Amino acid sequence: MSPTLVVDIVVGGLITGGIYALVALGLNLQYGLMRVLNVAHGEFLMMGAYLTYSLHTAWGVNPLLTLLITGPASFGAGLVLHRLLYARVLAGEAAEALESRSLLLSFGLLFVLQNAALLLWSADLKGYSYLAVPLHFLGSVFPANRLVAAAVALAVSLAFYVFLQQSFLGKAIRALMQDPEGAQLAGINLSRVHGLCFGIGIAMSAVTGSLISMLFELTPFIGLPYTVTALVVVILGGLGNVAGSLLGGLILGLVETASVYLAASDIRLIASYAVLSLILILKPSGLFGR
Amino acid sequence: MSMKRREFLKTTAGGAAAFTVLRGKAWGQAKPVRIGYTLSATGPYSVGAGITQGPNYTLWQEQANAKGGLLVKGEGRRPIEFISIDDRSEHETAVRFYEKLATDDRVDLMLPPWGTAMNFAVAPIANKYGYPLLGPTAVSNKIKDLQLPYFYALLQQPDQIMGAFAGILKELKAQGKISKIAIAYVNDLFGIELNASAATALKEAGLDVVDVKSYPLGVKDLSPVLKGFKAAGVDAFVGLTYPPDNILATSQAKEVDWNPPVWLAAVGTAFPFYRDRFKGAEGVMGIAGWNPKVKSAGAKEYFDAHVKKHQKEPDRWASAFAYASLQILERCVAEVGLDRPKIKGMVDSTEFQTVAGPIRFVKGSNVSTPGMVGQWQKGEFEIVWPKSLATGTPVVPKPAWA
Amino acid sequence: MALVAAPEILSPYYRSLALAILADVALAVSWAFFSGPSRYLSLATGAFFGAGAYLTAIVEARVPWPLPVLGGALMGGAMALLVGALALRLRGPYFAVFTFGLAELAKHSLIWYETGVTGTVGRLILAPPEPWTLYYTILCLAGLAVLTALALRRSRWGYALAGIGSDEERAETLGIDTTRVKIGTFALSAAFMGAVGAAMAPRWTYLDPQVFNPFVSFQTVIMALLGGATTVAGPIVGAVFLGLASEILLLKFRYLYLLGLGLTLIVVVLALPSGLAGLLRRSSPSPLSSPPAGERAG
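Residues numbered from 1 in each chain as written. Chains lettered and ligands numbered in written order. Predicted model: local features only at pLDDT ≥ 70, side-chain atom pairs only at ≥ 80, totals over all residues. Heavy atoms only, no water.

Caption draft 1: Representation of the overall build of chain A within the structure. Along the backbone of chain A there are eleven helices and two strands. For a compact globule of 290 residues, the expected C-alpha radius of gyration is about 19 Å, and chain A comes in at 19 Å, within 12% of that figure. For chain A, the spread of C-alpha atoms along the three principal axes comes to 55 × 50 × 35 Å. Residue burial in chain A is summarised as follows: out of 290 residues, 63% are buried. Taking contacts inside chain A between residues at least 6 apart in sequence as the whole, the part at least 24 apart equals 77%. For chain A, the accessible surface area stands at approximately 10300 Å², while carbon and sulfur atoms represent 70% of it. In chain A, the 12 positive side-chain charges and the 11 negative ones have mean positions that sit 10 Å from each other. (Helix = DSSP H or I, 4+ residues; strand = E, 2+ residues; numbered from the N terminus. Rg over C-alpha atoms; globule rule 2.2 N^0.38 Å. Buried < 20%, exposed > 50% of the residue type's maximum accessible area, 1.4 Å probe, protein only. Contact = heavy atoms within 4.5 Å. Areas by Shrake-Rupley, 256 points an atom, 1.4 Å probe, with all protein chains shown as cover. Lys, Arg positive; Asp, Glu negative; His and termini not counted. Charge placed at Lys NZ, Arg CZ, Asp CG, Glu CD.)

Caption draft 2: Structural detail: the interface of chain B and chain C. In this complex, chain B contributes 31 residues to the contact, which on the side of chain C involves 30 residues. With both chains or domains summed, chain B and chain C bury close to 2800 Å², and 61% of this area falls on carbon and sulfur atoms. For the chain B face of the interface with chain C, the top three residues by lost area are Arg 88, Glu 92 and Arg 96 of chain B, together amounting to 20%. Joining chain B to chain C, the criterion identifies three salt bridges. Glu 92 of chain B is the partner of Arg 203 of chain C in a salt bridge, and the nearest nitrogen-oxygen pair spans 3.1 Å. Where chain B packs against chain C, one counts seven residue pairs in polar contact (both at pLDDT 80 or more). Breaking the side of chain B that touches chain C down by element, the ones donating at least two residues are strand 4 (80-86), helix 3 (91-104), helix 4 (116-128), helix 5 (143-146) and helix 7 (189-204) of chain B. Tallying contributions element by element places helix 3 of chain B first for the side of chain B that touches chain C, with ten residues. (Buried area = accessible area lost by both parts, 1.4 Å probe. Salt bridge = Lys/Arg side-chain N within 4 Å of Asp/Glu carboxyl O. Polar contact = N/O pair within 3.5 Å; in protein donor to acceptor, adjacent residues only side chain to side chain.)

Caption draft 3: Structural context of the pattern of salt bridges. Residue and element names in this part refer to chain C. Within this structure, the stated rule accounts for 28 salt bridges over all chains. Glu 168 is the salt-bridge partner of Lys 182, the closest N and O atoms lying 2.7 Å from each other. Here Glu 168 lies in helix 8 (residues 168-173) and Lys 182 lies in helix 9 (residues 178-200), a separation of 14 residues in the sequence. Given the relative accessible area of 5%, Lys 182 is considered buried. According to the relative accessible area criterion, Glu 168 is buried, its value standing at 8%.

Caption draft 4: Region of interest: the pairing of strand 8 (residues 181-186) of chain B. All names here are of chain B. Strand 8 sits mainly inside the fold: six of its six residues count as buried. What you see with strand 8 is no split at all: Ile 181, Ile 183 and Tyr 185 on one side and Ala 182, Ala 184 and Val 186 on the other are buried throughout. Bridge analysis of strand 8 against strand 9 (residues 209-215) gives six bridges, and the strand direction is parallel. Bridge pairing links Ile 183 to Val 212 in strand 9. In terms of handedness, the path from strand 8 via helix 7 over to strand 9 forms a crossover that is right-handed. With five bridges connecting them, strand 8 and strand 10 (residues 236-240) associate as parallel partners. Its bridge partner being in strand 10, Ala 184 is matched across the sheet by Gly 239. (Pairing = 2+ DSSP bridges. Right-handed = clockwise from strand over helix to strand, strands pointing away.)

Caption draft 5: Spotlight on the pairing of strand 16 (residues 372-377) of chain B. All names here are of chain B. Taking burial as the measure, the six residues of strand 16 include six buried ones, the bulk of the element. Of the two faces of strand 16, both are covered, the one formed by Met 372, Gly 374 and Trp 376 as well as the one formed by Val 373, Gln 375 and Gln 377. Both strand 12 (residues 285-288) and strand 16 contribute to a ladder of four bridges, which runs antiparallel. By the bridge assignment for strand 16, Ile 287 is matched with Val 373. Here five bridges tie strand 16 to strand 17 (residues 380-385), and the two strands are oriented antiparallel to one another. Its bridge partner being in strand 17, Gly 374 is matched across the sheet by Ile 383.

Here it is, written out as structure tokens:
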């Protein structure tokens, strides 16, 4: 293996993985904490992408700056959705009904969001070019926009991880994840924290979407593959474990990139699934799951 | 007459006239010609449907109805009424709806959905109930296997397309402008068939293919493929692509700092969207079939009408053929009426002059339109191959990425 | 019964609609007789369905009907047995995501094989069976699925499955061979899904690996959960309701179909905590619409 190939795989893998990690973190927060399997996760990514696309193409706003808009806006939307929909389902329900009902709610949201995007932006492919310039380093060449997107994604992920470890709210979230009853006895308001987490999860998804809009063309239907990837990463790293999602995302990115360079594009998904299977055989609750 | 009486008569006369006109709209107005179809407004097929077929269907209807409707032999003009739904890119939905159109709604005519797979699904139904179906977005060698007398394919098929590719590449090689070709193809039926045709056509033309790589639908990163081609010194890139991966490959070529002298990518290149996305896409080549400058009757008028109604240009390949399919139907209905077997008879035996040039069907295949290659030059997708139909000469090497 | 007479009295379109809904019923019921009591939320429906469909496309020309349907059943069952051993060691969300990947894995593996070995992808079914044949095939499958579901819940395996669903460790300590019960029921469920896929394939003429479709998995889950996965009537009601609502929305609201569908789902979930079947239960209790005995006993 030539050094260029190694660089290609490692850097390429980290780029892909960084984005995977961010999109998975949001889902992990919702699923790990609230057991809400939000299949509409990717649709929020899609909305964030379109929002950035519109802001950039209509008013020339720098795509990276739009994060300051899509982030808070989607966080707010998440809070509202939680209040309107999920809170009512999560209130005092038997566990199994809760999961199925919130799953159905998420499907409903998925359809509604897709239709909204269809009405607002139509099904035509939309895209723009941003920082599509080659950067030469370490003996190979990489596009600036992918590097920037991955860097921002990793930064946000790490910031979130630090937030969880250090801040009061972060500690409350972790407490709830580990011991829901104990945490509530200690005075933590379950519903409030749920709402905030849901909002954060949505915000992370939308921010990933904003970053992705710099790299790929958009249609109202790009969401689902990202939801699937997010689910795979969450499972790989262990449900409820934030560090697991970070590492899981990077690992998945590396595996996929390696498979494409060493074998063929066709087997990218086969390879990631094979790795997932392997890990689950050895550890049925994911790399760092309980 | 007294004033009052005159007023009274005027009012009643006016009222009677209005009444007659209104009733005339119900009575005197002809029964509409009901035409049924599905098009994908959601799901993966919606992109193509919304560019290539949808706009042409509505443009044609508007133009016909402005004249009072479709001219039906022996019945004068009858307005066109569309009965259509979104098939959601789901074959089952389309199949069911075409059954409904045939047996429940009993429409007069049918138009096809978008895409080869969809056409495969609904063609047997149209055929079973005797509805001629002229498909402008069906490309596959398997169409012949279907052996459906009522199905017609307008576009060039894989062998013709790749014949054109081979033709221009051979010419360029003879001029010493290229030497090493590489192919990247999407592993969908379309890409696979084109690749198989390519292998034969390029070999016959004595051309050297140094690498062939396939990739899946929905691929997110083609830079490994492109980097490999670049490292191998490829100077002619042939992409057997769909629009999303075409756009990806094109933008990534710039990102990996690769600008081969020839960039020839199958589908999507002919979309005005592609040109605008890549700031003119100067020098990029792809499958062609038409542009507003071709000598076919009504080409420029069609272009202008499309832009006026939809605020967007028709694409430079299948759009014109979609419109042409409607022109063919229109002519048949005018000459033999709405009797479907008669329409079929006429389609089978006539050479039609359309905005996309002459079209004649033999056993359901269009034998008049050869494979063509186009190249974006100063904002227009000039036809650069074959020379007999060219509207411009190939520019090789292509300029740097914008 | 009306359903049996349907091909005679209904126009082809309504027969097709009935056929499609019956297929959904078969899928939803067979999904629910495993995933309902066991609470292993399977997203593998698309994989088994697709396998049956693609198999039919390959053999249909050479093999008399209804053998392809049996082939589809065997194919689905075999796949489930193969992955069941690994998949059923996983719990809850892990199982769900893993089974979801099955459809993708099947699709990409098939594409890889086809492009590499056979050089083509996709198959044409040139001489499909008559529409009424397909209709009766699907009707039989739906009926069989319902009968299987009813029989299962009264059987030892059915009780074992419900036990696994409420507390798997406890079920094991009680001496139940949970592995055998889970894998067996999973495979039975998958066999039905493969059979339905095989029976539907001739309607579409052209089959390619895209038939391994995750939306089939989602749709089946939605139907079963909407109706109520713990009863036998639930999935039936869910499938019929969603099928009809879908069709009406599709025909009437060209640009708002998804919106209508989504809002319907949301409204139903918020308004009916026990699913659509809960409505039935209140009006007329019957074995079809009641939860399994174990649950009722509390």
